[in-house]
Amino acid sequence: MPSTFSISNQLLVALALDDLDLLRPHLELVPLPHKQTLTGSNAPIDHVYFVQEGMVSLVQPLENGAMIEVGMIGNEGFLGVPVLLGAESSPLEAMVQIPGSALRMQASAFREEAGRSSALMGMLLRYVQALHTQVSLSAACNGRHTLPERLARWLLTARDRAKSDQMPLSHEFLSMMLGVRRAGVTVAVGTLKAAGLIRNTHGQVTITDRQGLEAACCECYRTVRNEYERLLA
């Protein structure tokens, strides 16, 4: 990787220099355009992506054509967990929801280099555990908590990964991510907006009261955030 490329992915920054040097020659800086599909459902995974900026959603396509989000990846981690675990594909689809950039490397090179260092493998597996917690809590949250609570959790999680209080999010997109009808999203957005926690105009959602939004969401957001901090400190 050219020395002019700075590294802002938190997982890479946290690596020991020797472990980072194993990956560095294979890394290539690439843009992440909005709505680009990085890996398709059940398609071979050719590359691993360490997100620098933006956010990638892991979505599960359903037989009726609908999709529901099960996880988010920002600059705290990487896209390509199945590769680390020895799989060639996944039923999940990875789609860029907030544009940015990533450091990309060949899946075969990633698997080989990860096997060279137990410390590197340990860090990567701790991230896998943190992501697993996020996916698990997302399922529990969708089943038990109110839609305004779930929306608040989703917005806070997305904000942590986008590093911005303003995000390009339409009601149609949010309904797909939360797995609910668009009318339900409109009501939930209206609830948070009336409380002075967010503002939305022209496909943009802006968080105006971060502390208030945390108070309005369920415990799932804090549990997942704490797990990321504990495992990847």
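All of these numbers come straight from a predicted model, not from anything done at the bench. (Residues numbered from 1 in each chain as written. Predicted model: local features only at pLDDT ≥ 70, side-chain atom pairs only at ≥ 80, totals over all residues. Heavy atoms only, no water.)

## Quick notes on the environment of isoleucine 73
Examined against the element boundaries, isoleucine 73 turns out to sit in strand 4 (residues 67–73). On the basis of relative accessible area, isoleucine 73 is assigned to the buried category, the value being 1%. When sequence neighbours within four positions are dropped, the list of residues in contact with isoleucine 73 reads Val51, Gly54, Met55, Val56, Leu58, Phe78, Leu79, Tyr127, Leu131 and Arg161. (Helix = DSSP H or I, 4+ residues; strand = E, 2+ residues; numbered from the N terminus. Buried < 20%, exposed > 50% of the residue type's maximum accessible area, 1.4 Å probe, protein only. Contact = heavy atoms within 4.5 Å.)

## Side note on the confidence of the model for the protein
A residue-level look at the protein finds 98% of positions with pLDDT of 70 or above and a mean pLDDT of 93. Looking at the elements of the protein, mean pLDDT is at its lowest for helix 7 (residues 171–178), recorded as 85, and at its highest for strand 5 (residues 78–79), recorded as 98. (pLDDT = per-residue confidence, 0-100.)

## A short note on the packing of aromatic side chains
Inspection of the entire model under this criterion finds six aromatic pairs. When the ring of phenylalanine 50 is compared with that of phenylalanine 78, the centres are 5.6 Å apart and the planes differ by 40°; the resulting orientation is tilted. One end of the pair, phenylalanine 50, is in strand 3 (residues 47–61); the other, phenylalanine 78, is in strand 5, and 28 residues separate them in sequence. Grouping residues by exposure puts phenylalanine 50 and phenylalanine 78 together as buried. Judged by centre distance (6.1 Å) and plane angle (65°), the rings of phenylalanine 50 and phenylalanine 110 are edge-to-face. (Phe/Tyr/Trp six-rings, centres within 6.5 Å; stacked < 30°, edge-to-face > 60°.)

## Concerning the pattern of salt bridges
Across all of its chains, the model carries eleven salt bridges by this definition. In this structure, aspartate 165 engages arginine 159 in a salt bridge whose closest nitrogen and oxygen atoms are separated by 2.9 Å. Ionic contacts of the salt-bridge type, sharing partners, join the residues Asp160, Arg210, Glu214 and Arg225 into one network. (Salt bridge = Lys/Arg side-chain N within 4 Å of Asp/Glu carboxyl O.)

## What about the pairing of strand 9 (residues 204–207)?
Taken together, the three bridges between strand 7 (residues 166–168) and strand 9 define a ladder with antiparallel strand orientation. Looking at the pairing, methionine 167 lines up with valine 205 of strand 9. Note that strand 8 (residues 198–201) and strand 9 share four bridges and pair antiparallel. Note on strand 9: the bridge partner recorded for isoleucine 198 is isoleucine 207. (Pairing = 2+ DSSP bridges.)

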